[in-house]
Amino acid sequence: MLSWVRLSIFGFMVLAESTFGQFCEDPARAFPQAKSFGVGDRPAWVANGDFDGDRVADAVVGNEDSQDLSIMYGLGDGSFESEVRVPLGIVPSRITVDDLNLDGLDDLVVSLGEADSVMILLSEEGRGFSEPALISYDADAYETATGDLNGDGYPDLMVAKNWREPAMFVHMNDGSGGFGDGIGYDISLICESVDVADLDSDGDLDAVLISSSFGLQTSFVVLLNEGDGVFGAPVLSSDRVSQRYVRIADLNGDSIPDLAIVAFSGGVKVLFGQGDGTFVYSDIYGNGQFFNLNLELADLDDDSDIDVVISSGGSTTSDPGHVRVFLNDGSGVLENRAQYIAGFGAHAVSVVDLDGDRDLDLSVVYEDSNTITAFLNTGNGGFVHETSYTTGEFCDAVAVSDLDNDGDDDIVSVAGQQDVYVNQNLGDGTFAPAVLVGEVLAFCWDIAMGDVNGDGLKDIVACEDFGGSTGFAGVFYNNGDETYSEITRFQTGVDPFAIRLSDLNNDGLLDIVVTSFGVFGQTEPDMVSVMLNDGAGGFPSYSLYPTGQRPGDLVVCDLDDDGFLDFAVASSVSQVVNVYLNDGSGGFGSGTEIGRAS
């Protein structure tokens, strides 16, 4: 089993193939390029563990809208295999990872707040999980923590509720990863966060909770373990600042656990432990941002002391949210080292070594784009400057290709569903300001690039959707001097949606395949158009092939190994995939339905 750290944030996804955030100072502290991987719908929490016993960090993502988990098995280089879904049927809240049955595989504790329960999923050999075990309560089970509370060597479970007393439950592990009914503790306030550590130096784990009175006043609460997993009376602090989240670690190097508490609308507060379960206020760091949510403690810069990361979700477009890194000077004094723009949609992040180099990396989930992104640490615990490039308003589609034959891929984007822009690659991973190529006269959902007229330069082909009346594939021919021709339109089926360029009849010229999802009641709904190149980069005619209802994406490849390219189309409403085999001349039959989503 490996050791993991968690952090949760709100924000948006940054569309840049560089790194996460806007760096404020010290560019030597850097994380290189990010890698993104698809997960479920509206991911809201992420944690890491070793679920298959290969000693490579895996990830688990809780998806709210699809009501499931995405298990991402790590490859050891900072990337993941394709997700494996674990259906829940209930919205997951937060996830705790620990080896509950000591079999060398990390297991899952999933809070199901809306269902007033906690789900236990034990990892099994060969990649998989046991049948879920549920522990039910009379109100929202908000957060969990694990640790050996009674000294038997097995992780026990603490559950903080944010409604109704008892506000905290303690469940003892039965030695197999199962838990009994538990003991409830009245806190007099609802609970929002919990963490465990030996606060009074007696060798057993105690607890700190963040409690509030319906969100109006908050304090931290200390519960001292009497030695057998039974806790004494709660001790409430007199602090009434709006606190949100607590984590425990030795911040000043005296081997006594300290507290780091993030305020809901402030910075991070540090209190030094005295070794007897009491704490002395040290300082508060950072001016804070609205909607501060979480913090995590980890040695980010490999100097053997514990640093702090806090997140601010943001409240408006002018306050898009931030992640702040505070580096510890070794005495518990924190330096507000860097601030990174996170923005809306970056909903959760976990801190773990993803690539096996012993530096802590980040796994970030974005609820708007349904992805998990890995940011790899170079060893200094900072983030490289993320560079943003302006296109037009409301960027809808993006693709990359080498348009100027300099060996570097350039960026083509569509803004406002009508304006096509190019950002030229300067050769060092940075890009020139966007240049407007041209405008399409209707909605543009997709673009493709390729040399359609055989002059050795890649052209830009865009869908034009005129809303049910007709559709076109619009070609901007590359002039070779970083400019493009006026658009030339070739008719397709109605409502073109996804477009691909491939040589379908083996004549050495790129042809066009485009899905047309049509309009109900029209004569040409739900089709795919095949447009063969006339040899000069024109597409004077098109052939229509029926698909399932509302065709969306498509893939072109040689499916039957006959040397000719075929294609497959996914249709969203009828939930089918249709396969079309090439007859050798660029013609296709009516297609074969090969699958339906379950």
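(A) Representation of the pattern of salt bridges within the structure. Inspection of the entire model under this criterion finds eleven salt bridges. For the salt bridge of Asp68 with Arg85, the shortest nitrogen-to-oxygen distance reads 2.7 Å. Placement of Asp68 in strand β5 (residues 68-72) and of Arg85 in strand β6 (residues 84-87) is noted, with a sequence separation of 17 residues between them. Residue Arg85 is classed as partly exposed on the basis of its relative accessible area of 37%. When the shortest N-O distance is used, the salt bridge between Glu143 and Arg94 registers 3.7 Å. Separated by 49 residues along the polypeptide, Glu143 in strand β13 (residues 141-147) and Arg94 in the loop between β6 and β7 (95-98) bring together distant segments of the chain. Each member of the pair, Glu143 together with Arg94, is buried. The structure contains a network of salt bridges with shared partners spanning Arg94, Glu143, Arg247 and Glu296.

(B) Seen up close, the sheet that holds strand β42 (residues 527-531). On the basis of which strands lie adjacent, the open sheet formed by four strands has the order β40-β41-β42-β43 and antiparallel pairing. In this open sheet, the two edge strands, each paired with only one partner strand, are β40 (496-502) and β43 (543-546). Shown here is a sheet whose adjacent strand axes are inclined to one another by a mean of 20°, direction ignored. Here β40 pairs with strand β41 (residues 511-516) via five bridges, running antiparallel. Each residue of the ladder has a partner; that of Pro496, found in β41, is Ser516.

(C) Representation of the packing of aromatic side chains within the structure. Across all of its chains, the model carries ten aromatic pairs by this definition. Arranged with centres 6.2 Å apart and planes meeting at 90°, the rings of Phe220 and Phe279 form a pair that is edge-to-face. Highlighted residues: Phe220 in strand β19 (residues 218-223) and Phe279 in strand β24 (residues 279-285), separated in sequence by 59 residues. Pair check on accessibility: Phe220 and Phe279 agree, each one buried. Within the aromatic cluster, the residues linked to one another by ring pairs are Tyr545, Phe567, Tyr580 and Phe588. The ring of Tyr73 has Arg127 lying over it, and the distance from NZ or CZ to the ring centre is 4.0 Å.

(D) Seen up close, the environment of Thr278. With respect to the helices, strands and loops of the structure, Thr278 is situated in the loop between β23 (268-273) and β24. The residues touching Thr278, leaving out its near neighbours within four places in the chain, are Phe272 and Gly273. A distance of 2.5 Å separates polar atoms of two side chains, one belonging to Thr278 and the other to Asp276.

(E) Quick peek at unusual backbone geometry. Backbone geometry at Arg127 places phi at a positive 70°, although glycine is not the residue there. For Glu482, which is not glycine, the phi dihedral falls at a positive 70°.

(F) Seen up close, a nonpolar patch on the surface. On the surface, Phe443, Trp445 and Phe497 cluster together to form a nonpolar patch covering roughly 260 Å² of accessible area. Looking at where Phe497 falls in the secondary structure, it is placed in strand β40.

(G) Structural detail: the sheet that holds strand β36 (residues 447-450). Here we have four strands laid out as an open sheet, ordered β36-β37-β38-β39, and antiparallel in their pairing. Edge positions in the open sheet fall to β36 and β39 (488-492), since each of these has one partner strand only. Going from strand to strand, the sheet's axes swing by 25° on average, the running direction of each strand aside. The pairing of strand β37 (residues 459-465) with strand β38 (residues 471-476) spans six bridges and is antiparallel. Bridged to Glu464 within β38 is Phe472.

What counts and how
Residues numbered from 1 in each chain as written. Predicted model: local features only at pLDDT ≥ 70, side-chain atom pairs only at ≥ 80, totals over all residues. Heavy atoms only, no water. Salt bridge = Lys/Arg side-chain N within 4 Å of Asp/Glu carboxyl O. Helix = DSSP H or I, 4+ residues; strand = E, 2+ residues; numbered from the N terminus. Buried < 20%, exposed > 50% of the residue type's maximum accessible area, 1.4 Å probe, protein only. Pairing = 2+ DSSP bridges. Axes fitted to C-alpha atoms, helices over the stretch in contact; angles between N-to-C directions. Phe/Tyr/Trp six-rings, centres within 6.5 Å; stacked < 30°, edge-to-face > 60°. Lys NZ or Arg CZ within 6 Å of the ring centre and 35° of its normal. Contact = heavy atoms within 4.5 Å. Polar contact = N/O pair within 3.5 Å; in protein donor to acceptor, adjacent residues only side chain to side chain. Patch = residues over 30% accessible without salt bridge, like charges linked within 9 Å, V, L, I, M, F, W, Y side chains within 5 Å. Areas by Shrake-Rupley, 256 points an atom, 1.4 Å probe, with all protein chains shown as cover.

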